[in-house]
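Descriptive analysis of the structure
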Amino acid sequence: MARGEETKTKKKKSLPKNTCKTLARYPPLPIPPAADLIRVLSLGIRALAAMDSGGGAEGELTAQETALYDRQIRVWGVDAQKRLSKAHVLVCGMNGTTTEFCKNIVLAGVGSLSLMDDHMVTEDDLNANFLIPPDESIYGGRSLAEVCCESLKDFNPMVRVSVEKGDPSLIDGEFLDKFDIIVVSGASLKTKLFINENCRKRSKRIAFYAIDCKDSCGEIFVDLQKHSYVQKKPGGESEPQELTYPSLQEAISVSWNNLPRRTAKLYFAMRVLENYELSEGRSPGETTLSDIPAVLARRKDMCDNMSLSESQIPTALIERLVAAGKKEHPPVCAILGGILGQEVIKSISCKGDPIKNFFYFDAADGKGVIEDIPPPPPSVN
Amino acid sequence: MAAAASSEEAVKAAKVLMVGAGGIGCELLKTLALSGFSDVHIIDLDTIEVSNLNRQFLFRQSHVGQSKAKVARDAVLKFRPNINITPYHANVKDSTFNVEFFKQFSVVLNGLDNLDARRHVNRLCLAAEVPLVESGTTGFLGQVTVHVKGKTECYECQPKPVPKSYPVCTITSTPSKFVHCIVWAKDLLFAKLFGDRNQDNDLNVHSKDDSSSKTDVFERNVDEDLSHYAQRIYDHVFGYNIETALANEETWKNRRRPNPIYVRDALPEDAVQQNGCSQDHKNEEQEPSAMVSLGLRNPQEIWSLADNSRVFLEAFKLFFEKREKEIGNLIFDKDDQLAVEFVTAAANIRASSFGIPLHSLFEAKGVAGNIVHAVATTNAIIAGLIVIEAIKVLKGDYQNYRMSYCLEHPATARKMLLMPVEPFEPNKSCYVCSETPLVLEVNTKTTKLREVIDKVIKSKLGMNLPLVMVGATLVFEDGEGLEPDEAENYALNLDKVLAELPAPVVNDTKLTVEDFQQELKCSINIKQRDEFDKEKEPDGMVLAGWTGPVDKQITSNGDKRLVPSSSSADDVDSTAEDASVKPGMKRKLNEILESQENFDVQNKSDVGSSSAQIVEDDDDDIVMFNEDPMQGKKKRLQ
């Protein structure tokens, strides 16, 4: 090599003049001229593809993954991204809210997503769902799961999206072991309880989520059983934490007079509606304005039983929920699907405080609130 | 409420302008379409990038390079074919998007990524009297605010952040954080070698045997071998310049002394040789990459000093071998792989010198590109909140307007993840939406009109095409359509000091500045001041009446006590440090936090110190909350 003279001498010279005299400034980012972007990008991709062709070490993210997930890896880190890519998610019930959720986790790069919903697509399903092309020649005679699956596959070629045929009210046993996360929506209370209990019976931990949108209101229930995770501390250090969750049955059995006065009104209102649907043998959302008097009567019964003032469950709120039927308000779907997406990512990555154990959103006041509903106290008998 | 018939009618009748089809924009357009909006116009200057695809779900790999606005439209029409979406692949600051254009809309929804455009849209909305719903996200945080003229504060009622910058000496002589090394590598070294050579640059360009001080050591000698040139530059910037700096004992009295690094120290001679033969067998089609040439695959890995040195030399050579035509015009771009490799390596070698921890290419890219962390979920949530606010605005339901914050950790005893806050009234002394004059302290005997226009009128007041009047005399006008003699006159004025303008600007003169496109006009009262503190007031002037707190922040950069949470500045999150702070937002959030019952301390400090700031970026943008104890006492939470 040609080592220049300059490398040898140690002659000292006076400092360059500009040390601390002026305070010129270095603004952080010159925005690249847009005209150059196309070129740079297309070339950049080829370079990345080339880098990957050598094959990455097992367990490392590929260059494509790093490029695609760049911005989110900056949020949750490489480890979380790797865990995500190994997670298997089952969604039972396709509607506007779960569609939003599916979009979010497919983009985030979960390992696989399975959709279970054998209902044939009807025009009503189009309302809040951007996965169904509004063309009967495409969706006619096909199940919701099939049509949604087809659209979702497009979102991220690195995620396996598939259809699971079957009835959510019957899923149990080893079938559940295929999944790390199960999300249930639009199901009856009976079905939710059944799946939740079955998840809890497996030796493998399966996280359970129930999510429902009633027009401008929404509810998410979370059961992570025992969840160990790393909590980010203000200073940047991490602290291991463990949470124990009640089951759905437990979380809806606690007597209302044991709950704090400021518990979300939606928690109570949803229990009233659920109770009404269950006893009347209605499918979820199968209510109309004509049910309002009966639902209000149910509110009275339940409040009397559990010593809660009826004013804690405003009539107007009950009316909105009953009138909602199966209608979903698309902005609320986006919000609920976003929150649930984040929760599932937290649960898979074991990073960040997860919701324990209910989340409520109401567009009427714009609040998105977490409620920690405990199990009933151990009975004395 | 949302089901009310009046909402549906309002939505159907609405004509909406969306500015930005990026992270928030994609989600927003989808949610608008699903919610029944049927006439949406969308402006976006950008084209689609690979790193957008993880959240901008309307785009696919095959769309890379195409207009975001147009592709977004086509994608949404697939599930809502009967609505009207009008895309503009254009800059919202183009003159076609004037006040008349804005007036046709019922509401404007922003999903922007930069302060400049936000301010511009704010002004047009004020001038056109169209309500604005503004938004931003970073990571798991986000916010939505509503700005309706006369009812709520405008986007600029609170001082806006100015990008953080660093004193020259920290960058050229005394870096203490990785970000300083990145700034050096990107703004000094990269710019010097591959950018416009005629630009001012603070790098020492003189070599030791150059007593004439005339030649530039960065010039390639005639017939100089490329390997030799690369090594000569390496030795100059990492070896010789450090030795030169070491000679000034005063600098190092209270600092760790850096180590000069020469190629011969960093690399065994054979490796240097080996490195010399560039990878000619590589496919010519590929974008040149030093990582590819050297077989380095993992961008998450932290390279050794030797590897960094190899990448430096290889990237250097690849620029000259494969991209020679661009040399002289290159501007650092985070999507330019070779540029990122070069800057990463250079910053790491410099970091080695100064005993600063080295970083991976992935991390370095984040710092150099000011990359904002972005995920789909937050954008989806924020888009939902925007639509909810937009519907209220369309119904004129102003009592229920809310600013909404999306938090990573519940911030109150109520455990709120989504927190609505009642909007603030317009700031009566806002120079944008009220007519309060500003005050400029300046030395009118030494300051040229050009400096006032560049540093104050354009940079701080955010005007595009300003016009400046002194009394009734027009002293400057920007833009097209000027007569040649006018243009010449104005050009002459630019280089005159204020006191010598045709209409002299001295103590107590009132300037009127105006931007016709923005329909913004404001007055500046001049106060003569002779002396300025070069460290704290480097502009040589001080504008009062709008940026008080922000100004303080800038000038205090050198002062550690005043820079919040600089402790974490070395990790990727420190991109936030480069960015801007929104004191207004902080103020509000803190007030809210203070007013919550049983607000728990741990969460508060979490909101404050971990994230600390606000970032502007390429994409979706930002607000992080800061613990800055700005303490408005208004408590407006119901």
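Residues numbered from 1 in each chain as written. Chains lettered and ligands numbered in written order. Predicted model: local features only at pLDDT ≥ 70, side-chain atom pairs only at ≥ 80, totals over all residues.

As recorded by an unreviewed UniProt entry, chain B carries the name SUMO-activating enzyme subunit and is attributed to Setaria viridis. Quoted verbatim from the Sequence similarities (unreviewed entry) heading of the UniProt record, the comment on chain B is "Belongs to the ubiquitin-activating E1 family." According to the UniProt record, the Subcellular location (unreviewed entry) comment for chain B reads "Nucleus". (UniProt positions renumbered as here; feature names shortened; annotations may be inferred.)

Turning to chain A, the UniProt record has this under Subcellular location (unreviewed entry): "Nucleus". Under the UniProt heading Pathway (unreviewed entry), the note attached to chain A is "Protein modification; protein sumoylation."

The next subject is the overall build of chain A. Scanning chain A from N- to C-terminus turns up 13 helices and 10 strands. Within chain A, buried positions represent 46% of all 381 residues. Taking contacts inside chain A between residues at least 6 apart in sequence as the whole, the part at least 24 apart equals 70%. (Helix = DSSP H or I, 4+ residues; strand = E, 2+ residues; numbered from the N terminus. Buried ≥ 20, exposed ≤ 12 C-beta atoms within 10 Å, placed from the backbone. Contact = placed C-beta atoms within 7 Å.)

Right, let's get into the overall build of chain B. Regarding its fold elements, chain B presents 21 helices and 14 strands. A burial count over chain B gives 56% of its 638 residues as buried. Considering only intrachain contacts with a sequence separation of at least 6, the fraction spanning at least 24 residues in chain B is 71%.

Residue and element names in this part refer to chain B. By the element assignment, Pro-167 lies in the loop between strand S6 (141-147) and helix H6 (168-172). Its 21 C-beta neighbours within 10 Å are what place Pro-167 among the buried residues. In the structure, Pro-167 is positioned 13 residues away from His-180 in sequence and 9.9 Å away in space, judged by C-alpha atoms.

This paragraph deals with the domain arrangement of chain A. All names here are of chain A. Structurally, chain A comprises domain 1 (77-251 + 327-371) and domain 2 (256-324). Centre-to-centre, using C-alpha coordinates, domain 1 lies 25 Å away from domain 2. Taken residue by residue, the interface counts 16 residues in domain 1 and 12 residues in domain 2. The set of elements that each furnish at least two residues to the side of domain 1 that touches domain 2 consists of helix H8 (189-201), strand S6 (217-223), strand S9 (358-362) and strand S10 (367-371). Here the side of domain 1 that touches domain 2 is built from residues that sort into six nonpolar, three polar and seven charged. (Domains from an automatic or database assignment. Nonpolar A, V, L, I, M, F, W, Y, C, P; charged D, E, K, R; others polar.)

The next thing to look at is the sheet that holds strand S10 (residues 466-470) of chain B. Residue and element names in this part refer to chain B. Spatial ordering of the open sheet is given by S11-S10-S12-S13-S9-S14, a layout of six strands whose pairing is mixed. Two strands in the sheet have a free side with no partner beyond their single neighbour: strand S11 (473-477) and strand S14 (541-544). Neighbour-to-neighbour, the strand axes of this sheet turn through a mean angle of 25 degrees, independent of strand direction. Here strand S12 (residues 510-515) runs beside strand S13 (residues 520-528); their pairing, made up of six bridges, is antiparallel. For Val-513, the partnering residue across the bridge sits in S13 and is Cys-522. (Pairing = 2+ DSSP bridges. Axes fitted to C-alpha atoms, helices over the stretch in contact; angles between N-to-C directions.)

Attention now goes to the environment of Gly384(B). Relative to the assigned elements, Gly384(B) resides in helix H16 (residues 376-395). For Gly384(B), a count of 32 C-beta atoms within 10 Å puts it in the buried group. Residues Gly384(B) and Val421(B) lie 37 residues apart in sequence; the distance between their C-alpha atoms is 16 Å. If we ignore the near neighbours within four places in the chain, the residues touching Gly384(B) are Pro331(A), Val332(A), Ala334(A), Ile335(A) and Thr31(B).

All names here are of chain A. Helix length check: helix H13 (residues 330-349), at 20 residues, gives a terminal C-alpha distance of 28 Å against a target of 28 Å (1.5 Å per residue), a fit within 8%. Buried residues dominate H13, accounting for 19 of its 20 residues. A positive backbone phi angle near 55 degrees is found at Cys-350, which sits one or two residues after H13. (Expected span 1.5 Å × (residues − 1).)

So, on to the domain arrangement of chain B. Where interface size is quoted, it is often the accessible area lost as the parts come together. Here chain B is partitioned into domain 1 (5-146 + 373-408), domain 2 (178-355) and domain 3 (438-544). Computed over C-alpha atoms only, the centres of domain 2 of chain B and domain 3 of chain B are separated by 40 Å.

All names here are of chain A. Where helix H3 (residues 70-84) contacts H13, the axes come no closer than 9 Å and their chain directions differ by 95 degrees. Between H3 and H13, the interaxial angle falls into the category roughly perpendicular. Here H3 contributes Trp-76, Ala-80, Arg-83 and Leu-84 to the contact with H13, which in turn contributes Ile-345, Ile-348 and Ser-349. Looking at the contact of H3 with H13, its residues break down into five nonpolar, one polar and one charged. (Parallel < 35°, antiparallel > 145°, perpendicular 65-115°, else oblique.)

For the rest of this paragraph, the subject is unusual backbone geometry. Residue and element names in this part refer to chain A. In this structure, the amide linkage connecting Lys-356 to the following residue, Asn-357, adopts the cis form with an omega of -5 degrees. Tracing the chain through its elements places Asn-357 in the loop between H13 and S9. Backbone geometry places Asp-215, a non-glycine residue, at a positive phi of 55 degrees. Despite not being glycine, Cys-350 shows a phi value in the positive range, around 55 degrees.

All names here are of chain A. Running from N to C, helix H10 (residues 265-280) and helix H12 (residues 315-324) point in directions that differ by 50 degrees, and their axes come no closer than 10 Å. Comparing their axes, H12 and H10 come out oblique. The way H10 lies across H12 gives a crossing that is right-handed. Of H12, the residues touching H10 (which contributes Lys-265, Ala-269, Val-272 and Leu-273) are Leu-317, Ile-318, Leu-321 and Val-322. (Left-handed = near helix turned anticlockwise from the far one by under 90°.)

Right, let's get into the confidence of the model for chain A. Across chain A, pLDDT averages 84, with 84% of residues at or above 70. Ignoring residues within four places in sequence, the model shows residues 1-58 of chain A, a span with pLDDT below 50, making 115 contacts including any to other chains. (pLDDT = per-residue confidence, 0-100.)

It is worth spelling out the nonpolar core at this point. In terms of nonpolar packing, the biggest core is built from 211 residues, with Val89(A), Leu113(A), Val183(A), Ile220(A), Leu29(B), Val107(B) and Val108(B) touching the most fellow members. Residue contributions to this core peak at 13 residues, all from H16(B). Ignoring anything within four residues of it in the chain, the contact list for Val108(B) reads Leu17(B), Val19(B), Phe102(B), Val121(B), Cys125(B), Val130(B) and Leu132(B). Residues Phe194(B), Ala245(B), Ile261(B) and Ile349(B) belong to the second largest nonpolar core, which totals 59 residues. (Core = buried A, V, L, I, M, F, W, Y, C linked by C-beta atoms within 7 Å.)

This next bit is on the confidence of the model for chain B. Residue and element names in this part refer to chain B. Per-residue confidence for chain B gives a mean pLDDT of 79, with 79% of residues at or over 70. Low pLDDT, under 50, characterises residues 1-5; the stretch is placed with 13 contacts to residues that sit more than four places away or in other chains. Scored as a complex, the prediction yields pTM 0.77 and ipTM 0.85.

Residue and element names in this part refer to chain B. Structurally, Ala-72 can be placed in helix H3 (residues 68-79). What makes Ala-72 buried here is the crowd of 28 C-beta atoms within 10 Å. C-alpha separation for the pair Ala-72 and Leu-246, spaced 174 residues apart in sequence, amounts to 56 Å. The contact partners of Ala-72, leaving out residues within four places of it in the chain, are Ala-21, Gly-25, Cys-26, Leu-29, Ile-42 and Leu-58.

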